[in-house]
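Here is what each chain is made of, one letter per residue.
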Amino acid sequence: MLTRRELLRSAALAALNAGMLVATPLVGGHYFVDVIAGVSVAALTIQLSKCLTAVVAASPLAASTRSASAEPGRLVDPAFSRGV
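Please read these numbers as outputs of a predicted model, since none were measured by experiment.

> Any chance you could explain the overall build of the protein chain here in plain terms?
In terms of helices and strands, the protein chain carries four helices and zero strands. Taken from N to C terminus, the helices and strands of the protein chain fall in the order α-α-α-α. Counting all 84 residues of the protein chain, 2% fall into the buried class. Split by element, the accessible area of the protein chain, about 7,300 Å² in all, is 70% carbon and sulfur.

> How do you make sense of the packing of helix α1 (residues 4-27) against helix α2 (residues 32-58) when you look at a structure like this?
Relative to each other, α1 and α2 sit at 150°, their axes nearing to 8 Å. Of α2, the residues touching α1 (which contributes Leu-21, Thr-24 and Pro-25) are Phe-32, Val-35 and Val-39. Residues of the contact of α1 with α2, tallied by class, amount to five nonpolar, one polar and no charged.

> Would you take a moment to explain α1 for this structure?
Think of an α-helix as 3.6 residues a turn; residues three or four steps apart then line up on the same face. End to end, α1 covers 34 Å across 24 residues, agreeing with the expected 34 Å (1.5 Å per residue, within 8%). Just beyond α1, the residue with positive phi is Gly-28, at close to 100°.

> In this structure, what is going on with the confidence of the model for the protein chain? I would like to understand it.
Detail in the predicted coordinates should be disregarded across regions flagged by low pLDDT. On average, the protein chain scores 77 in pLDDT, and the residues at 70 or more come to 73%. Averaged pLDDT values over the elements of the protein chain bottom out at 57 in helix α4 (residues 78-81) and peak at 87 in α2.

Each value, and the rule that gives it
- Residues numbered from 1 in each chain as written.
- Predicted model: local features only at pLDDT ≥ 70, side-chain atom pairs only at ≥ 80, totals over all residues.
- Heavy atoms only, no water.
- Helix = DSSP H or I, 4+ residues; strand = E, 2+ residues; numbered from the N terminus.
- Buried < 20%, exposed > 50% of the residue type's maximum accessible area, 1.4 Å probe, protein only.
- Areas by Shrake-Rupley, 256 points an atom, 1.4 Å probe, with all protein chains shown as cover.
- Axes fitted to C-alpha atoms, helices over the stretch in contact; angles between N-to-C directions.
- Contact = heavy atoms within 4.5 Å.
- Nonpolar A, V, L, I, M, F, W, Y, C, P; charged D, E, K, R; others polar.
- Expected span 1.5 Å × (residues − 1).
- pLDDT = per-residue confidence, 0-100.

In structure tokens form, the structure reads like this:
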């Protein structure tokens, strides 16, 4: 659940991004197809990172190197957690 502050920040960033999407073809920096391709690449990258994060979190190696004090979903450097 998002806090009020996070919700306001997300709404402001979404409005900024929407404005940039509209302004990009109008200013002439890119063609509209470039904007569509950029949004597609971003969506694909986000989905791929979610899948890879799930695979890494489920691997036995990740479980064996996880510190007891580590936050869930956060990767921990094994050398750092041993104090090396």
